[in-house]
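Secondary and tertiary structure notes
Residue strings, one per chain:
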Amino acid sequence: MPFRIFSFSMLIGLGAVLGHLYLYRRLVRELVRGRAARFVAIIVLGLLTLLLGMRRTLLDALPEGLERTVTVATYTWMGVALCLVLALLAMDLLRALLGLGRWVQRRRATAAPSALTTSVQETPSPVEPLVDEERRRFLGRALAGGAALAGGGLASYGHWRAFAPPLVTELAIRIPKLPRELDGLSIVQLTDIHVGPFIERRYMDELVRQTNALKPDLVAITGDLVDGDVPTLGGAVAALRGLRSRYGSYFVTGNHDYYSGDEEWTAFLQSLDIQTLRNRHVRIGDAGASLDLVGVDDWSGWRRRNQKGYDLDLALAGRAPDRAAVLLAHQPANFKVAAERGMDLQISGHTHGGQLVPMTLFIGFAWEHAAGLYQHQDSHIYVSRGCGFWGPPMRVGSPPELVKLVLTT
């Protein structure tokens, strides 16, 4: 675990260095005039690089009152810088393609035989005029300014999309072992909300209202609920007390819930009448017709605070294998094993669907089940993009979603 954290921190640090060097070369050098102004820009970009690369260490050293402000500023700039880099890269790629096209045209023109060369001696062409340096600088500044505007627009859209109400995804999932009396039972999934510096009580109240409007039979909260402790965030999370469903609300831990204090948060959720499923199962329904709702701790929970973490064997202990079962697991890991153990449906999150380009393009390389519905034999897994966000307060290419799964026979 320490090696993985170190590797991730090194990757973030390297990205921060390269990204800010690129922004200096393509924006500061093109748009900023004067040595003094450029020197100030170098200092600012250097400090931002240091802050992004060593954010955890620096945040821990700050007074508690400043930590939230610096966190908001850091993650906001991270998202804006990423959008600027993407816009500049797209502009540079377009320029390179146009330049390549002109080069190909010139090569074809010089290689084509001329009818006049066989009858008259070719006269030397006049020397091409030197490129107007001032015009070149003007075009460079115009392109850099256009890319900056495009990057700012992309960041603004991503910010709006992150805080706008999640899109509703409604799917029917066939479970052959489901009792006919439970045909049509609906589960609304809340996951990866990440209540913290950005997502507060107002967002939570609206999310609860939107959830209740779907009239769920059961609400499943599949981890990464918070990024902070109970005294700081309890007031915002208390909005979940307003959830209404036939069979109640159930919670399983995510990796960020471990960072934030899993024991304290599970106790707090219990006080809100939200049951926590920590490697155990409960029956949903009545004596005449029911299914098993199984919940496991986060897949990587055993690496933190000497906790046992994910334990499917313990969660299934005493369960009849011929009964219909739904598994709540934060990470979309171990699905095929769970399917072989009789889980008809696994409901997960964690991936955010990548959250931001270009991660939306690469998330499939990291996870076999990255976002959406998948099937293995008669079992299914649904991986939600999540209701909130982590890090930069933006979503581009992977909008937040609120999932309603309707179980059918």
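Only a predicted model underlies this, so the values are computations on that prediction, with no experimental measurement involved. (Residues numbered from 1 in each chain as written. Predicted model: local features only at pLDDT ≥ 70, side-chain atom pairs only at ≥ 80, totals over all residues. Heavy atoms only, no water.)

1. Some words on the overall build of the protein
Stated precisely, the cut-off is as follows: Secondary structure follows DSSP: runs of H or I at least 4 residues long count as helices, runs of E at least 2 residues long count as strands, and numbering of each begins at the N terminus. Only protein chains enter the calculation, and the probe is 1.4 Å; a residue is then buried if its accessible area is under 20% of its type maximum, exposed if over 50%, and partly exposed in between. Whether two residues are in contact is decided by their heavy atoms, any of which lying within 4.5 Å being enough. Surface accessibility in these figures is a Shrake-Rupley result with a 1.4 Å probe; residues are shielded only by whichever protein chains are displayed.
Check the secondary structure of the protein and you find 12 helices and 12 strands. Here the protein holds 409 residues, and the buried ones make up 46% of them. Taking the intrachain contacts of the protein between residues at least 6 apart in sequence as the baseline, contacts between residues at least 24 apart amount to 75%. Here the protein displays about 21,300 Å² of accessible surface, and carbon together with sulfur accounts for 61% of that area.

2. A short note on the side chain of Asp-297
Inspection of the secondary structure assignment puts Asp-297 in the loop between β7 (290–295) and α10 (312–316). Setting aside chain neighbours within four positions, we find Asp-297 in contact with Thr-253, Tyr-258, Leu-277, Arg-278, Asn-279, Gly-309 and Tyr-310.

3. Thoughts on a nonpolar patch on the surface
Worth spelling out the cut-off: Only residues whose relative accessible area exceeds 30% and that take part in no salt bridge are eligible for patches, with like-charged residues grouped when within 9 Å of each other and nonpolar side chains (Val, Leu, Ile, Met, Phe, Trp, Tyr) grouped when within 5 Å. Just to be clear on terms, a salt bridge is a Lys or Arg side-chain nitrogen sitting within 4 Å of an Asp or Glu carboxyl oxygen.
Together, Phe-39, Val-40, Ile-43, Val-44 and Leu-47 make up a nonpolar patch on the protein surface, roughly 470 Å² of accessible area in all. Structurally, Ile-43 is set in helix α2 (residues 35–53). For Ile-43, a relative accessible area of 41% translates into the label partly exposed.

4. So, the pairing of strand β6 (residues 280–285)
Defined as follows: Being paired, for any two strands, means DSSP has found at least two bridges between them.
As paired elements, β6 and β7 share six bridges and run antiparallel to each other. When the bridges of β7 are listed, Val-282 appears paired with Leu-293. Connecting the antiparallel pair β6 and β7 is a turn made up of four residues.

5. Observations concerning α2
Note the threshold: The span expected for a helix works out to 1.5 Å for each residue beyond the first. Directions pointing from the helix axis toward each C-beta atom define the arc.
Its 19 residues place the ends of α2 27 Å apart at the C-alpha level, agreeing with the 27 Å of an ideal helix rising 1.5 Å per residue. For α2, the complete set of buried residues consists of Ala-41, Leu-45, Thr-49 and Leu-52. Looking straight down α2, one finds its buried side chains confined to an arc of 75°; they lie on one side. The outward face of α2, more than 90 degrees from its buried face, is lined by the exposed residues Arg-35, Ala-36, Phe-39 and Leu-47.

6. Let's talk about the nonpolar core
One broad rule of soluble globular proteins: the nonpolar side chains tend to lie buried together. Rules: In this description, a nonpolar core means a group of buried Ala, Val, Leu, Ile, Met, Phe, Trp, Tyr and Cys residues linked to one another through side-chain atoms lying within 4.5 Å.
Membership of the largest hydrophobic core comes to 35 residues, with the highest contact counts inside it found for Leu-190, Ile-193, Val-195, Val-237 and Leu-240. Elements represented by at least two residues in this core include exactly α4 (64–111), β2 (186–190), α6 (201–213), β3 (218–222), α7 (230–237) and α9 (262–271). Residues contacting Val-195, with those up to four places away along its chain left out, are Met-204, Leu-225, Val-226, Asp-227, Leu-233, Ala-236 and Val-237. Among the nonpolar cores identified, the runner-up in size contains 26 residues, and Ala-220, Ile-284, Val-403 and Leu-405 belong to it.

7. With respect to the sheet that holds strand β9 (residues 345–348)
Counted only if it meets this: Orientation is described by lines fitted to C-alpha atoms, with helices fitted over the stretch in contact, and by angles between N-to-C directions that extend from 0 to 180 degrees.
Taken in spatial order, the six strands make up an open sheet running β6-β7-β8-β9-β11-β10, and their pairing is mixed. With one partner strand each, in any of the chains shown, β6 and β10 (372–376) form the two edges of the open sheet. Looking at each pair of strands side by side, their axes are set apart by 20° on average, direction ignored. The pairing of β10 with strand β11 (residues 379–383) spans five bridges and is classified as antiparallel. Note on β11: the bridge partner recorded for His-376 is Ser-379.

8. What about the sheet that holds β3?
Strand pairs in the sheet, formed through backbone hydrogen bonds, run parallel or antiparallel to each other. Pairing in this open sheet of six strands is mixed, and the strands run β1-β12-β2-β3-β4-β5 from one edge to the other. A strand with exactly one partner marks an edge of an open sheet, and here the two such strands are β1 (167–174) and β5 (274–276). Across this sheet, the average inter-strand angle for adjacent strands is 25°, counted without regard to direction. The pairing of β2 with strand β12 (residues 401–408) spans four bridges and is classified as antiparallel. The residue bridging Ser-186 from the neighbouring strand is Val-406, located in β12. Against the sheet, α9 touches β4 (249–252) and β5, its axis set at about 145° to β5.

9. Details of the confidence of the model for the protein
Quick note on the threshold: On a scale of 0 to 100, pLDDT captures the predictor's confidence in every residue.
Summing up the model confidence of the protein, the mean pLDDT is 88 and the portion of residues at 70 or higher is 90%. Scored below 50 in pLDDT, residues 1–6 makes three contacts in the model with residues more than four places away or belonging to other chains.

10. A short note on the pattern of salt bridges
If you walk through the whole model with that rule in mind, you get 13 salt bridges. Among the ionic pairs, Asp-313 bridges to Arg-341, the shortest N-O distance being 2.7 Å. Residue Asp-313 is found in helix α10, and its partner Arg-341 is found in the loop between α11 (335–340) and β9; the two are separated by 28 residues along the sequence. Accessibility expressed as a relative area gives 35% for Arg-341, which makes it partly exposed. Within the structure, one salt-bridge network assembled from shared partners comprises Asp-262, Glu-263, Arg-278 and Asp-297.

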